[in-house]
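Residues per chain, in single letters:
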Amino acid sequence: MRTALFPEGFVWGVSTSAFQIEGATDRDGRGPSIWDAFAGGGYGDPACDHYGRHPEDVRLMQDLGLAAYRFSVSWPRVLPGGHGHVNGPGLDFYDRLVDELLQAGIAPYATLYHWDLPQALQDAGGWAARDTAHRFADYAQVVYDRLGDRVDTWFTFNEPWVAAFLGHASGVHAPGLRSAADAFVSAHHMLLAHGLSLEALRARGAAKAGVVLNLSPVLTPAQLGDMSTGIPEEDAEAVARIDALHNRQFLEPVLRGRYPAELLPLIEKAAGLGHIHDGDLDLIGRPIDLLGVNYYTPIAVQAQPSAPADPAFPGSEGVLFCSVPTAVTAMGWPIMPSGLSLLLRRLSEEYPETELMITENGADFEDVVTADGIHDVDRISFVEEHLRALRTSIDEGARVRGYLLWSLLDCVEWADGYRRKFGIVHVDFTTQRRLLKDSALWYRDVIARNGLGAERPKRPTLETVAARAGVSRATVSRVVNGEARVSPDVRAAVLRAVQELGYVPNAAARSLVTRRTDSVALVLSVPRHGGEALTSAVVQYVTSVLEGAGKQITLMLADTAESHRRIIRHVEARQVDGVVLVPPDGPDTLTERLARTGVPVVLLGKPAIASLVPHVDVDNAGGARAATRHLLDRGRRRIGVICGPMDLVAVQDRLAGHLATLHEDGLRPVIALAGLDSGSGAAAARELLSGDQTRPLVDAVFATSDELAIGVMEAAREKGLRVPEDLAVVGFGDIHAASCTTPALTTVRVPAADQALALARLLLSRLDGRHTSSVVLPTRLVVRATA
Ligand code: FCB
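Everything numeric in this text was worked out from a predicted model, so none of it was measured.

## Quick word on the pattern of salt bridges
Between side chains of opposite charge, a pair can form as their charged atoms come close.
Logical step 1: One pass over the structure, following the stated rule, counts 50 salt bridges.
Logical step 2: Notably, a salt bridge pairs Glu355 with Lys208, separated by 3.8 Å at the nearest N-O pair. Of this pair, Glu355 sits in the loop between helix H14 (337-350) and strand E11 (356-360) while Lys208 sits in strand E6 (residues 208-214); the two residues are 147 residues apart in sequence, bridging distant segments of the chain.
Logical step 3: In this structure Lys208 comes out as partly exposed when scored by relative accessible area, which is 32%.
Logical step 4: Connected through shared salt-bridge partners, Asp92, Asp95, Asp99, Arg146, Asp149 and Arg150 make up one network.

This is the structure in structure tokens:
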């Protein structure tokens, strides 16, 4: 095995971020951030208690021989209200940290924004407000004035794509909004904030400044199997569009001072272009010294005209996000070191003048703490393979100055919380004890020798097996996962290569290979009033699809704490290959506990607590928007809304869609809360219809369910109001009774059978070991007589 030494002066380091490790969220005057609000109080505390233990952590870094440490400064720790009052003790903390690092011979690299916006600024409009960009530049100056004499490498932003689109479009990150317009506008304001702060840092003498982007090559399924394949003509536009949304939306403004041509119509459609002022792009495009590249995994897409947009990629209608047939990390992210080489080749070709640094790369794998340490071979292989790819890119001429591993410590992985393990140092969150994993010891050796040694025999990968057997990686994956669609001689060749090379699939793949039971649990919670029809569709369709695929179904009822324990035991004992879960309404622990078993789980409905378990949901907010828009188009201006129980995520989404639509027209909401049945709908409606005798408070009602709408009609009748003349009514759900009311109810149809089918298919693709994301099905307004 060849050694792979790196150029002299190559920088080895690690990256972390404030919210993920510091804890102490309400100590010494820190203000609240959007992540405290989004994840719930106490979530980011104690994290790794780095705030209290930084001396110990710096010592650890010194022992590993790190040359650089990239940390982020918490804006609300420095400026608790986002601007104005500067919190002395907050700045003191970073001051001490920087001194300790310098004493340990470690260069501090500071990131100014790693997602923890002060909540006060969110309350004032957040990143959708242009003013936030100016507040950011002020904050940058405050930090620079204190640390600039000792910190010479500055990054303005970490991964603005994630902050803008997961925070404002798909809503899986703070602040949890779901508005394409806000996402594009926020992205622009983050770019503007980058430009403004860069100016400010330079004016004050910063030696090196840049920005960190999360970049992924966008490939087609054919290219994944064989990198030498070109992009099929029919997929070219889809690839270019996703590349523009994900990569070039940030690369082009920062490095070229312009937006990519194919992106502008998408921005315009969602948000208009009014937020992009003259001169902004000049400022954003001022030269940087260093581009930070975070690389974890590629993106695979192909054209599919019927595909709805992925919520995180507004404007991606007609593009199918495909699974990548390769081993995945515990996070479900496909492992593809060659993706890093592809990315670096492309950056070097398109932006040859730009110096690069890998500012994040690393992997989440479950760790087992044994008496003699944590033998995290998968994490070592992951980093090693990426370093080899990086070494090759440097040989080809890529100007990469360093590699910062993500991450030093196991820490808070955003919406996923504490269960993700990206650290090379294990943290016991009850005692805060740090324990070096094998990967830390291995990385220490890499640093000491400035590269990879020859002595560690390379663990064979899917790629090596594919090369030996003369087939594609996709084929190896299919054989390893026991899929039927492979001819007997190809299968024999692959299995021979597997044996000769001693290939062991990683944990995720292994559980699929060795433990097939061919049964699947269908776990049902007791449906609340009104949920029976959907539950029975799930039973009918999930059973027929999965049985058709040769699985045996075990039906389990989750109604008591004891039943939850029984279900977990059953799944932990690997009695099933996968689980379809119809979770209880409202927050529950069953979902997360099942997810932790490592057995593939899919959920019906969006979970109450942000979770990475893939789920099938319907576009509740979109349906409510259509319903409200319909009432507005009919000239109604005094529209009331009757909400079912607010602990139901679907109700929250419906209300959000309704409010957003009223807001677009500058109208104020009139909200009445109800329960689930028509009686409570009637009671709530009586409130709304009170007003004075001749003119009730409202002239239209949107109810978040048909049952409630039926109650509304009853209350109208009592009052002698005519529907729809005096009062228009729209429901939600299109239950059978909705078409039988007099007059017949206008409502929003929720596709029950489609949801059930999508759920079954999602589980099947997870069982095939494919990377799967959640599915959101469209809803449709059914116009009848009540509105
Ligand atoms: C990146 C983030 C970092 C961490 C890793 C796993 O997107 O920058 O904070 O969450 O992913």
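## Topic: a nonpolar patch on the surface
Logical step 1: The grouping of Met646, Ile671 and Leu673 at the surface amounts to a nonpolar patch, some 270 Å² of accessible area in total.
Logical step 2: Relative to the helices and strands, Ile671 is located in strand E22 (residues 670-673).
Logical step 3: The exposure class assigned to Ile671 is partly exposed, which follows from its relative accessible area of 41%.

## Digging into the pairing of strand E18 (residues 578-582)
Logical step 1: Among the five residues that make up E18, five are buried, leaving the element largely enclosed by the rest of the structure.
Logical step 2: With five bridges connecting them, strand E16 (residues 519-525) and E18 associate as parallel partners. Along E18, the bridge assignment pairs Val523 with Leu581.
Logical step 3: Relative to strand E19 (residues 601-604), E18 runs parallel, the two being bridged by three bridges. Paired with Val579 across the strands is Val601, a residue of E19.
Logical step 4: One crossover worth recording links E18 to the parallel E19 by way of helix H23 (residues 590-596), and it is right-handed.

## Some points on unusual backbone geometry
Logical step 1: Omega for the peptide link from Trp406 to Ser407 comes to 15°, which places this bond in the cis form.
Logical step 2: In this fold, Ser407 is placed in the loop between strand E12 (400-405) and strand E13 (425-427).
Logical step 3: Residues Val723 and Pro724 are joined by a peptide bond in cis, for which omega reads 10°.
Logical step 4: Relative to the elements of secondary structure, Pro724 occurs in the loop between helix H27 (706-719) and strand E24 (728-730).
Logical step 5: Even without glycine at this site, Trp414 takes up a positive phi of about 45°.

## Focus on the packing of aromatic side chains
Logical step 1: Across all of its chains, the model carries 37 aromatic pairs by this definition.
Logical step 2: Taken together, a centroid distance of 5.2 Å and an interplanar angle of 80° make the contact between Trp35 and Phe38 edge-to-face. Of the two residues, Trp35 and Phe38 are both situated in helix H2 (residues 34-39); the distance of three residues between them amounts to about one turn of the helix.
Logical step 3: The class for Phe38 is partly exposed, based on a relative accessible area of 27%.
Logical step 4: Measuring from ring centre to ring centre gives 6.5 Å for Tyr403 and Tyr443, while their planes differ by 65°; the resulting arrangement is edge-to-face. Of this pair, Tyr403 sits in strand E12 while Tyr443 sits in helix H16 (residues 438-449), and the two are 40 residues apart along the sequence. Residues Tyr403 and Tyr443 agree in their burial class; the two are buried.
Logical step 5: The ring of Phe93 is capped by Arg77, whose NZ or CZ atom sits 5.9 Å from the centre of that ring.

## Concerning the domain arrangement of the chain
Logical step 1: Here the chain is partitioned into domain 1 (4-452), domain 2 (462-497), domain 3 (519-617 + 754-770) and domain 4 (618-752).
Logical step 2: Just the C-alpha atoms count here: the centres of domain 2 and domain 4 sit 56 Å apart.

Cut-offs applied
- Chains are numbered independently. Their residues run from 1 in the order of the written sequence.
- Residue-level local features of this predicted model are given only where pLDDT is at least 70; pairs of side-chain atoms are given and counted only at 80 or more, and the full residue set underlies all totals for whole chains, interfaces and linings.
- Processing note: side-chain calculations cover all non-hydrogen atoms of the structure and skip hydrogens and water entirely.
- Here, a salt bridge means any side-chain nitrogen of Lys or Arg that lies within 4 Å of a carboxyl oxygen of Asp or Glu.
- Here a helix means four or more residues in a row that DSSP labels H or I, a strand means two or more in a row labelled E, and each is numbered from the N terminus.
- Each residue gets one of three labels from its accessible area relative to the maximum for its type: buried under 20%, exposed over 50%, partly exposed in between, using a 1.4 Å probe on protein chains only.
- For patch detection, residues must exceed 30% relative accessible area and be free of salt bridges, and they are connected within 9 Å for like charges or within 5 Å for nonpolar side chains (Val, Leu, Ile, Met, Phe, Trp, Tyr).
- For the area figures, the Shrake-Rupley method with a 1.4 Å probe applies, and any residue is considered shielded solely by the protein chains shown.
- DSSP bridges decide pairing: two strands pair if at least two such bridges lie between them.
- Every crossover in which the path from the first strand over the helix to the second runs clockwise, viewed with the strands pointing away from the viewer, is termed right-handed.
- Only rings of Phe, Tyr and Trp enter the pairing, Trp through its six-membered ring, and a pair is recorded when the two centres are within 6.5 Å. The plane angle decides the type: under 30 degrees is stacked, over 60 is edge-to-face, the rest tilted.
- Placement of a positive charge over a ring is assigned whenever Lys NZ or Arg CZ falls within 6 Å of the ring centre and within 35 degrees of the normal to the ring plane.
- Per the annotation, domain bounds derive from an automatic or database assignment of domains.

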